[in-house]
Amino acid sequence: MNDKGAKEEGVRIEEGNRGDNTDNICQTEKSQSWIPKNIKKRVCSTFVEDSFSSSEFCQCGVARDDHASVAVGDYFSTAILKHWESAEHSSEQPTDAFGEVQFAGASKRHSYFLRLSWSTEPLVVYNMLTTHWGLPAPNLVVSVVGGESRTQVKTWVREVLRQGLVKASQSTGAWILTTGLREGVGRCVGQAVRDHAAAASSVSLNKVVALGIAPWGLVKKREQLVNPQGSFPAKYYVKNISRDSCYLDNNYQAFLLVDDGSVGRRGGETDFRARLEEYISQQRTGIWGSGSIDIPVLCMLISGEADMLKRMDLSLKNSIPWLVLAGSGGLADFLSDVLENLSSAPAVPSSGEGNNDTLKAPKVDLKDRVAERFKKHFSSETQTDKLIEQALSIYQNRHLITVYHGEHESPDDFDTVLLKTLVGASKQQSSAEANPYTDELKLAVTWNRVDIAKTELFNGDIQWKYEDLEDSMTDALINDKPQFVRLFTENGLNILEYLTYGRLETLYRSVPDGSLLYQMLQRCLAERLEVERSSPSEQQNSSSKVAADNNQSGPVKEVTLFEVSGVLELLMGDVCQPFYYNTLGLQFTSSKRTALKRASKVLRGCCMYQDLRCPHPWASLFLWAVLQNRREMALYFWEMAGEAVLSALGGCKILRELSKLDEETETKLSMKELAQKFENLAHDIFSSCYRSNEHRSFTLLIRKSPVWGHSTCLQMGVSADARRFFSNDGVQSLLSHIWWGDMKRKTEVWKLLLTFFCPILCYTNLISFRKPDNQLEEEEGIPNEDGPDQDTNSLYGTTVFSFADIKHHDVDSEVHRSGTIKGVPYRPPQRPFIVSRWCQFWFAPVTSFLGNVLMYFLFLLLFAYVLLVDFEPPPPSGPGAAECVFYFWVFTLVCEEIRQTIFLGTMTWRQRFRLYIKDVWNKCDLTAISLFIIGLICRMFHWSHEFGRDMLCLDYMVFTLRLIHIFAIHKQLGPKIIIVGKMMKDIFFFLFFLGVWLMAYGVANQALIYTYDPNPNRIFRRVFYRPYLHIFGQIPVEEMDVGKDWDISCTHNVTLIESGEEPCRNHESNWLVVILLVVYLLVTNILLINLLIAMFSYTFSKVQEHSDIYWKFQRYNLIVEYHSRPSLAPPFIIISHINLFIKRVIRKVPSVKIHHFVLDLETKAANRLSTWETIQKEDFLTAQNKIQKSSDSERLKRMSAKVDGVLKHLSESRDFEHRLRSLENQMDYCSSALSWVVDTLAQGSTFKPPRPPPASRDVLPSPSSST
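Since we're looking at a predicted model, the values are computed, not measured.

### Overview of the overall build of the protein chain
When you go through the protein chain residue by residue, the secondary structure sums to 55 helices and twelve strands. The proportion of buried residues among the 1267 residues of the protein chain is 48%. Partitioning the intrachain contacts of the protein chain with sequence separation of at least 6 by distance along the chain shows that 75% fall at a separation of at least 24. Counting every atom, the protein chain has about 65500 Å² of accessible surface; 56% of that belongs to carbon and sulfur.

So this is what it looks like as structure tokens:
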């Protein structure tokens, strides 16, 4: 296969399968049918006689008889050729061995395998591994070279592989490349992977990928893998032998069996393996290549033969670093000897410097020294000149080689050794201006080794700049590494400088393809692009701009902040204004198509907003993390963002909406758990705020947030269905304040009723009112704005409790902004006592509620009187006076529903109606009004008078059921209403089962009793109605049992039956009718009824456990409703409606009550409130951390870490002891030798010493012993 075709095929594979589910292990035969067309094998095409086999075998290792006739037919070529070469003497054919292999009796897990030619393009193979076979993309590739023969692997090398390499691969997400055979190092790696899999969890198991690359002709029992259509799976039988052999190892995930056309020869895979390593080193790490660095590839040399010098030289020229295990034998010992002992020799000159005579002598000297050491290690090699040249070339690239003395070092830190090796190689290639530690940091981020980063890079010795952390921060964000994000933030990365709107768009564009967020973003993007294509004016503008400047006029086909805003609007609903509209320069509009056109126009130009800094970076990152359901990342961003309570409720809202859209059960559960986590955080944080300061906590609940689209905590909590948050004492205290207005919450109901019927009592002390704040004393007690005597509550705005408070607050704020002189405090005008006390009583929501309840009972009495007594005939005889009053009363109720829909703030008509119809009781009101209109119209005509009366009777039932909503305020009745509502859902399921049995029994019973009865009225009654009455014991025994007398006249005449006469019963099948009746009653009365009781019991117990939470949550909606309603109840509410119409429509006076439960603070007050909330959040998190640290699990973790540290120090001390012992032995030898020399010289008479020998001295005592 040529290079161009291979690259095109690789791109086709990568693009065509990018969105597939790569986690599916079992591949079908159909899904891999393309492999034989694109992957080839090699077959010997020319027989080259092997002189050592008596002309029976070819040099490829295959017998003459096994060659094709074409290969052995060319006698002339056979006689001339002396050496067999795979590239010249073999040809490619479609591969006949691919698919999955099952190791019989060894493992249930299947491994992948593929027979391929050595000339196959690495692009196709890499896409095959990652896309079709589903292997996770590596963060590191360690290619283990050497140790392939059957020589015994040393014990310490096994420990390095088991405790060092495999453990490091698990922590870094690496691929391990070996031969994959059950011999030498390949077998040791397989055993290490097996041991790790047995000890590790399933999550970490997927990170260790062992890949075998072996010569096809060297694999034993390879004929079991051959199948031209693919094997799914192939049964591979391996002999259970302890000695090394060339069988495939069952501990590997995949095998690439490289075919060069030979059999029994080693080294056929070397060229392909080197090219695959080079290709992988050019790919990016991370999700779909989103990492900041290329995939690091490291070759690890263990032992090895001399012919591996060529393989090593080729990799070093491709700038691939090597790690040499000194002491493992063979080539590794030779290279470690050369690199360590010849390091002081001058560098070998390149080929362009060979003519310099001044450097010839050093070069010759170095070559001789290398040759001397080569003969020492490889004395049996004869052709050494070429090997020595390769060794010299390797020595020239010695900066890419690291020598590791594993025999004297601990294998536990092997991952750090790998990191240092890769970093050392990259430092040689990096520029002098770059930070030498940047590559080490990028590797640590790629491997997700925050422990290495903390101990090696962020220990205070290195001064990090913002530019050094920028790319790594992006890598950590995209690939979900929150520990690194926290580490970078704590060590100099300024998030305000980092997060621009352009980078935020980049983060959203990096969302994985298969995620729910990606699908939603693409759907919004498709809508915008469709509007651009369908707009003729936009097309003309686009074509004219393309002629001028193609770069700036084309539509933006990538995800922008407008699509992000669309997703958030879909999830958040109408609880807040659209996000990022101000950033894009857009204005909010009710028309979605208009918004799309405006956004397309803005995005066609130069997007200047992308260079702007995000004013709220932590909140934006929090939204980004929550939308992807990244738990740890979202929790950290929540900790860093402001407005902790509102942010937690916002995250809860988004996650619960996402869980409704997601179809995967596991993801849905994780979203619900994280949503509950945020709701609990909001509850706990607000509890801390409420305990700290009640007044500020109330302000916190109703404060408008510019970050969250001008929404409040209460609005967000209702939208998120945060029941536990609403059960908080602080929230309920605020609701009680609002409910009672200016009256004290302990006021008895009888006092309220008495004052309601006798309003003059409100001026007495019968009802206690809250004392107003003495604002004059507060202002006089403030020497300056930031003085020590200032009331801190005034810094956080005024909390709104009643209608009068809202009115005073808005009026005061307007006067304060317009007419206040600096330095002179503003004193609001005081109302007369009569007016203020009247407003305090009648503007309280509890008073409005009481009036509406009493008047609603009167309304139902009037309605019942009209239906039962005073329902007169159509005009001109009727309607009567009472009926006209009733119609007017209903008209005032309709006006109130219109007011609730229209006068609902600054929202659009669609948003208003959507918010109105969302309430179940509003749907009930619409049903009642619709039935009333139908009944009213029909009762005005003689032909439909009775039908109109029937509709009004049904309407009375709906109006009466509306009373249930009124009792929701009661603490005992409120939860019961919720129980009834949930039981109604249970009834629907029960009715489904009942309907099945009722239909089955009714049809069979009717057919058995009556052979022929075409009357539809009787069929309906006897098939459905009568079996339903059987459940309650109404069984017509005379009709069903032929043994009983039936006094109804009947006939067998078909003509009379068709004319409407009663048919006679069928006596023949009556025994079966009785049996069916018994079975039907048994199933319905015992089985289904008890099933319904059990369902009701479960619902009751489930709701009753949280009845207090349910009641407190639904209480909010009722308080909001009556807080916003006029004080007068229907039908007198028409006065308030007329007043409202004059103010809003004619006089254009803005509404005061329109922003109920909403407080807009000034910038200074809002900042101080946020600071106070942040302090409470930090105190809460600190307390939680203390509790967590004191838990048993954390204590065990800390103890485990200390034990590991102690063991590490013990191992180091053992190494020191070993070295000290060896040093003592050498000192003893030296002292003995010197003593022998002294004795020898003393016994001789050659010369006499000028002075006597020195006397021996004792060792000086240590300071500790002297004391």
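### Focus on the state of the cysteines
This structure, assessed with the given rule, holds one disulfide. Sulfur of Cys-58: no disulfide; nearest cysteine sulfur belongs to Cys-60 and is 3.6 Å away.

### Topic: the environment of Phe-334
For Phe-334, the position within the fold is in helix 12 (residues 331-341). Separated by 57 residues in the primary sequence, Phe-334 and Ala-391 place their C-alpha atoms 9.7 Å from one another. Residue contacts for Phe-334: discarding those within four places in its chain leaves Val-370, Arg-373, Phe-374, His-377, Phe-378 and Ala-391.

### Describing the pattern of salt bridges
The final tally for this structure, using the stated rule, is 35 salt bridges. Between Arg-42 and Glu-92 there is a salt bridge whose closest N-O contact spans 3.6 Å. Residue Arg-42 is located in strand 1 (residues 40-44), and its partner Glu-92 is located in strand 2 (residues 90-94); the two are separated by 50 residues in the primary sequence. Ionic pairing is found between Glu-159 and Arg-162, a salt bridge with its closest N-O pair at 2.9 Å. In this pair, Glu-159 and Arg-162 both sit in helix 7 (residues 155-172), three residues apart, roughly one turn of the helix.

### Some words on the packing of helix 17 (residues 450-457) against helix 19 (residues 482-490)
At a minimum axis distance of 10 Å, the contact between helix 17 and helix 19 shows a crossing angle of 25°. For the element pair helix 17 / helix 19, the angle class is roughly parallel. Judged by residue contacts, Val-450, Ala-453 and Lys-454 of helix 17 engage Gln-483, Phe-484 and Leu-487 from helix 19.

### Regarding the sheet that holds strand 12 (residues 401-404)
Pairing is mixed in the open sheet, where ten strands are placed in the order 8-3-4-9-7-6-5-10-11-12. Each of the sheet's edge strands pairs with one partner strand only, and the pair in question is strand 8 (231-236) and strand 12. On average, each strand axis in the sheet is inclined to that of its neighbour by 25°, with strand direction left out of account. Where strand 10 (residues 297-301) lies against strand 11 (residues 322-325), three bridges are found, and the strand directions are parallel. Bridge pairing in strand 11 links Met-300 to Leu-323. Strands strand 4 (111-117), strand 6 (174-178), strand 7 (209-215) and strand 9 (254-259) of the sheet are contacted by helix 6 (residues 122-132), whose axis makes an angle of about 125° with strand 6.

### Quick word on the packing of aromatic side chains
The relative placement of two aromatic rings is captured by the distance of their centres and the angle of their planes. Evaluated as defined, the whole model comprises 50 aromatic pairs. Residues Tyr-112 and Trp-133 carry aromatic rings whose centres are separated by 5.1 Å and whose planes lie at 10° to one another, so their mutual orientation is stacked. Here Trp-133 lies in the loop between helix 6 and strand 5 (140-145) and Tyr-112 lies in strand 4, a separation of 21 residues in the sequence. No difference in accessibility class separates Tyr-112 from Trp-133, as the two residues are buried. What links up through ring pairs into an aromatic cluster is the set Tyr-856, Phe-859, Phe-863, Phe-886, Tyr-887, Trp-889, Phe-932, Tyr-956 and Phe-959. One cation-aromatic arrangement involves Arg-723 over Phe-1113; the distance from NZ or CZ to the ring centre is 5.6 Å. The lysine or arginine in question, Lys-1177, covers the ring of Trp-638, its NZ or CZ lying 5.9 Å from the ring centre.

### What about the packing of helix 30 (residues 644-661) against helix 31 (residues 665-692)?
The interhelical angle for the contact between helix 30 and helix 31, taken along N-to-C directions, is 160°, at an axis separation of 8 Å. In terms of their interaxial angle, helix 30 and helix 31 are classed as roughly antiparallel. With respect to the hand of their crossing, helix 30 and helix 31 are arranged in left-handed fashion. Facing helix 30, whose interface residues are Ala-644, Val-645, Ala-648, Leu-649, Gly-651, Cys-652, Leu-655, Arg-656, Leu-658, Ser-659 and Lys-660, helix 31 presents Lys-668, Met-671, Lys-672, Leu-674, Ala-675, Gln-676, Phe-678, Glu-679, Ala-682, Ile-685 and Phe-686. Its residues assigned to classes, the contact of helix 30 with helix 31 comprises 14 nonpolar, three polar and five charged.

### Regarding the side chain of Arg-115
Position of Arg-115 among the secondary structure elements: in strand 4. Once residues within four sequence positions are removed from consideration, Arg-115 is found in contact with Ile-39, Lys-40, Lys-41, Arg-42, Thr-95, Asp-96, Ala-97, Trp-216, Leu-257 and Asp-259.

### Some thoughts on the pairing of strand 4
Consecutive side chains along a regular strand alternate between the two faces of the sheet. The buried fraction of strand 4 amounts to seven of the seven residues, a majority that puts the element mostly inside the structure. The sheet contact formed by strand 3 (residues 98-103) and strand 4 spans four bridges and is antiparallel. Bridge pairing links Val-101 to Ser-111 in strand 4. Where strand 4 and strand 9 come together, six bridges link them in parallel fashion. Following the sheet pairing, Ser-117 is matched in strand 9 by Asp-259.

### Concerning the environment of Asn-728
Residue placement: Asn-728 occurs in the loop between helix 34 (723-726) and helix 35 (729-740). Once the C-alpha coordinates of Asn-728 and Phe-1113 are considered, the two residues, 385 residues apart in sequence, prove to be 9.9 Å apart. At a separation of 2.5 Å, a polar atom in the side chain of Asn-728 contacts the side chain of Ser-687.

### Quick look at the environment of Asp-195
Of note, Asp-195 is situated in helix 8 (residues 184-199). Remark: the alpha-carbon pair of Asp-195 and Asn-251, spanning 56 residues in sequence, is separated by 9.8 Å.

Here is what the cut-offs are and how they apply
Residues numbered from 1 in each chain as written. Predicted model: local features only at pLDDT ≥ 70, side-chain atom pairs only at ≥ 80, totals over all residues. Heavy atoms only, no water. Helix = DSSP H or I, 4+ residues; strand = E, 2+ residues; numbered from the N terminus. Buried < 20%, exposed > 50% of the residue type's maximum accessible area, 1.4 Å probe, protein only. Contact = heavy atoms within 4.5 Å. Areas by Shrake-Rupley, 256 points an atom, 1.4 Å probe, with all protein chains shown as cover. Disulfide = S-S within 2.5 Å. Salt bridge = Lys/Arg side-chain N within 4 Å of Asp/Glu carboxyl O. Axes fitted to C-alpha atoms, helices over the stretch in contact; angles between N-to-C directions. Parallel < 35°, antiparallel > 145°, perpendicular 65-115°, else oblique. Pairing = 2+ DSSP bridges. Phe/Tyr/Trp six-rings, centres within 6.5 Å; stacked < 30°, edge-to-face > 60°. Lys NZ or Arg CZ within 6 Å of the ring centre and 35° of its normal. Left-handed = near helix turned anticlockwise from the far one by under 90°. Nonpolar A, V, L, I, M, F, W, Y, C, P; charged D, E, K, R; others polar. Polar contact = N/O pair within 3.5 Å; in protein donor to acceptor, adjacent residues only side chain to side chain.

In short, shape yes, function no, at least from these values alone.
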